[in-house]
Amino acid sequence: MPMKTSFITCVGIVLLTLNGCNSIDSNSSSSSSGGTVACAGHTANPDATAAAKALFNGLLQLSCGARAGVLSGQNAGHGDQINDANEIMGYAHAVKKLVDRDSVVPAVLGVDYEHDRIFTPVQLSAANRTLIEHVKAGGVVTINWSALSPWVNDARDLVNHPGDWLETRTPLNNPDGKANYVNLTELLTPGHALNTIWRARLDAVAAALAELQTANVPVLWRPLQEMSGTHFWWGANLPLTDAAGYVAVWRDMYRYFTVEKHLNNLLWVYSPEAFDRPERSVFWAYPGDDVVDVIAATSYSSALNIPAYTALAARASSAHKPLAMGEYGPPVWGEGYEPVLPTAPLTFDAKRYARLLTDYPNVAYWVSWHSYYVDAERINRLSLSDSAFTKELFSTQGILNRSQTDFLRP
């Protein structure tokens, strides 16, 4: 069976000096290199819950090679869309359809707490119930936060102005120019109107995450992703060579959630695009080892390439952190669009995800994104349920589903 190699054998002998692996105890697994290794690492938050620490350690075992395999994952929309049986992005289409067809549930279930609109506390609680059920059945949950621009939407009237996805974008990618102004220092300046708005936005999200903590649910918390790009407001208006504003926002959020809100169920996921831009590397806005638990990049292509894999794996190894793919799948833009047809054939070969076992062995989990309608005539089929050969994929030894996750719990 394809085995995960250790960071040492995968990234190179040069990493021997980084102390990514140490001697093993009798309860640890053997690595594919034939020796016995143990993964050394700890959560950024020393007060992390036992469930969060167990999840971190289990993911680290997968990344460093102490355990073989990669966790499968599926995102299921935004907010309470996850519960809408008629929503192509939701659980019924993205996951239940896969269960009905192949009798398998992906190990990781994802949702975005925002992106399409600012959801109410009631709506986020409804989404949480589905996440809690998934964890009780043995699964893992990951939550993104694609926040709408606080300069555009102050969240004071969610009945008449819940917002839309264009409010996450910037003028370059948004012809309506809804996120025209961005100054990240305003979010962190006491007394500034934007600081008040931002704190209220953080409070709403923290309350939803606290519900999960009460239910003993550890969360792969993935806020403000793809900061190395220029399409989201939190990355676009920064100087190309200076990420200080983004780093400050991340570190402030970490402090606020961890110290003031006492959210100890979170594993903090840094999620850049998986390729270097001319003036922005994948670690251009890395906020620091002390406030990051998991490195999980994003990449979309027909071949499922991870262009910056070597750099990502090397940093994960040196920092003793799990490596993952926070979003991973077929093309997300125009080259991936297909006609909307009731009997449209499934065109993407899901067996390609198995290349993680051999080509990218340090990846602990991946999350396939949800399908969505581009317009009335076109659809982007990204969900595993909209891919061909999923039964063959999940029959591949090492592709782990929800029933194979006991090692992730205390």
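Residues numbered from 1 in each chain as written. Predicted model: local features only at pLDDT ≥ 70, side-chain atom pairs only at ≥ 80, totals over all residues. Heavy atoms only, no water.

**Comments concerning the state of the cysteines**
Part 1 of the argument: Enumeration according to the criterion identifies 1 disulfide in this entry.
Part 2 of the argument: The side chain of C39 participates in a disulfide bridge whose partner is C64; the two sulfur atoms lie 1.5 Å from each other. With C39 in strand β2 (residues 38-39) and C64 in helix α2 (residues 50-64), the pair connects residues that are 25 residues apart, well separated along the chain.
Part 3 of the argument: For C64, a relative accessible area of 1% puts it in the buried group. (Disulfide = S-S within 2.5 Å. Helix = DSSP H or I, 4+ residues; strand = E, 2+ residues; numbered from the N terminus. Buried < 20%, exposed > 50% of the residue type's maximum accessible area, 1.4 Å probe, protein only.)

**Some remarks on the nonpolar core**
If you look at soluble globular proteins, the nonpolar side chains tend to sit buried side by side.
Part 1 of the argument: Counting 88 residues, the largest nonpolar core has Y113, L209, W221, F257, I306, L312 and W366 as the members making the most contacts within it.
Part 2 of the argument: Ignoring sequence-local partners within four residues, the contact set of L312 consists of A274, V282, F283, I295, A297, I306 and L323.
Part 3 of the argument: By size, the runner-up hydrophobic cluster in this structure holds 23 residues, among which are A48, A52, L267 and A364. (Core = buried A, V, L, I, M, F, W, Y, C linked by side-chain atoms within 4.5 Å. Contact = heavy atoms within 4.5 Å.)

**With respect to helix α8 (residues 244-260)**
Part 1 of the argument: With 17 residues, α8 should cover 24 Å at 1.5 Å per step; its first-to-last C-alpha distance of 23 Å lies within 8% of that length.
Part 2 of the argument: Restricting attention to buried positions, one finds in α8 the residues Y246, V247, V249, W250, D252, M253, Y254, Y256, F257 and T258.
Part 3 of the argument: Packed against the buried residues of α8 are β6 (140-145), α5 (184-187), α6 (193-214), β7 (219-223), α7 (233-236) and β8 (266-270). (Expected span 1.5 Å × (residues − 1).)

**Concerning the sheet that holds strand β14 (residues 378-380)**
Part 1 of the argument: Reading across the sheet, the 3 strands line up as β11-β14-β13 and stay open at both edges, with antiparallel pairing between neighbours. Sheet topology places β11 (337-339) and β13 (372-373) at the edges, where each strand pairs with a single neighbour.
Part 2 of the argument: Judged from the 2 bridges that link them, β13 and β14 form a sheet pairing that is antiparallel. What sits directly across from Y372, in β14, is N380. (Pairing = 2+ DSSP bridges.)

**Notes on the environment of F407**
Part 1 of the argument: Within the secondary structure, F407 is located in the segment after β15 (399-400).
Part 2 of the argument: Using a relative accessible area of 16% as the deciding quantity, one classes F407 as buried.
Part 3 of the argument: A C-alpha to C-alpha distance of 6.1 Å links F407 and G58, two positions 349 residues apart in sequence.
Part 4 of the argument: Residues contacting F407, with those up to four places away along its chain left out, are A54, G58, Q61, L62, R67 and L400.

**Describing the pattern of salt bridges**
Part 1 of the argument: On inspection of all chains with the given rule, the structure shows 17 salt bridges.
Part 2 of the argument: Put simply, K97 and D386 hold a salt bridge, and the shortest N to O gap is 3.4 Å. With K97 in helix α3 (residues 91-102) and D386 in the loop between β14 and α11 (390-394), this pair connects stretches of sequence that are 289 residues apart.
Part 3 of the argument: Since its relative accessible area comes to 33%, K97 is described here as partly exposed.
Part 4 of the argument: Using a relative accessible area of 2% as the deciding quantity, one classes D386 as buried. (Salt bridge = Lys/Arg side-chain N within 4 Å of Asp/Glu carboxyl O.)

**Some remarks on the confidence of the model for the chain**
Part 1 of the argument: Of all residues in the chain, 87% have pLDDT values of 70 or greater, and the mean over the chain is 88.
Part 2 of the argument: Every residue in residues 1-38 scores below 50 in pLDDT, and together they form 81 contacts with partners more than four places removed in sequence or on other chains. (pLDDT = per-residue confidence, 0-100.)

**A word on the packing of aromatic side chains**
Part 1 of the argument: Considering all chains together, one arrives at 21 aromatic pairs under this definition.
Part 2 of the argument: Plain terms: the ring middles of W145 and W221 are 6.4 Å apart, the flat faces sit at 25° to each other, and that makes the pair stacked. Note that W145 is positioned in strand β6 and W221 in strand β7, a separation of 76 residues in sequence. With respect to class, W145 is no different from W221; both count as buried.
Part 3 of the argument: Centroid distance W151 to Y181: 6.2 Å. Interplanar angle 80°. Geometry classified as edge-to-face. You can see W151 sitting in the loop between β6 and α5 and its partner Y181 sitting in the loop between β6 and α5, a full 30 residues away along the chain.
Part 4 of the argument: The exposure class assigned to W151 is buried, which follows from its relative accessible area of 19%. (Phe/Tyr/Trp six-rings, centres within 6.5 Å; stacked < 30°, edge-to-face > 60°.)

**A word on the pairing of strand β5 (residues 108-112)**
Part 1 of the argument: For β5, the tally of buried residues reaches 5 of 5 residues, placing the bulk of the element in the interior.
Part 2 of the argument: Side chains V108, G110 and D112 project from β5 onto one buried face, and the interleaved L109 and V111 project onto a second face that is buried too.
Part 3 of the argument: In this structure, strand β4 (residues 73-78) lies alongside β5, joined through 4 bridges in parallel fashion. In the sheet register, H78 faces β5, and the bridge partner there is D112.
Part 4 of the argument: Once you follow β4 into α3 and on to β5, the crossover reads as right-handed.
Part 5 of the argument: Both β5 and β6 contribute to a ladder of 5 bridges, which runs parallel. Paired with V108 across the strands is V140, a residue of β6.
Part 6 of the argument: Crossover handedness for the path β5 to helix α4 (residues 121-136) to β6: right-handed. (Right-handed = clockwise from strand over helix to strand, strands pointing away.)

**Quick look at the pairing of strand β9 (residues 294-300)**
Part 1 of the argument: Along β9, 6 of the 7 residues are buried, which leaves the element largely enclosed by surrounding structure.
Part 2 of the argument: Across 2 bridges, the pairing between β8 and β9 is parallel. Among the inter-strand pairings, Y270 is bridged to a residue of β9, identified as I295.
Part 3 of the argument: In the classification by handedness, the crossover that spans β9, the intervening helix α9 (residues 309-319) and the parallel strand β10 (residues 323-329) is right-handed.

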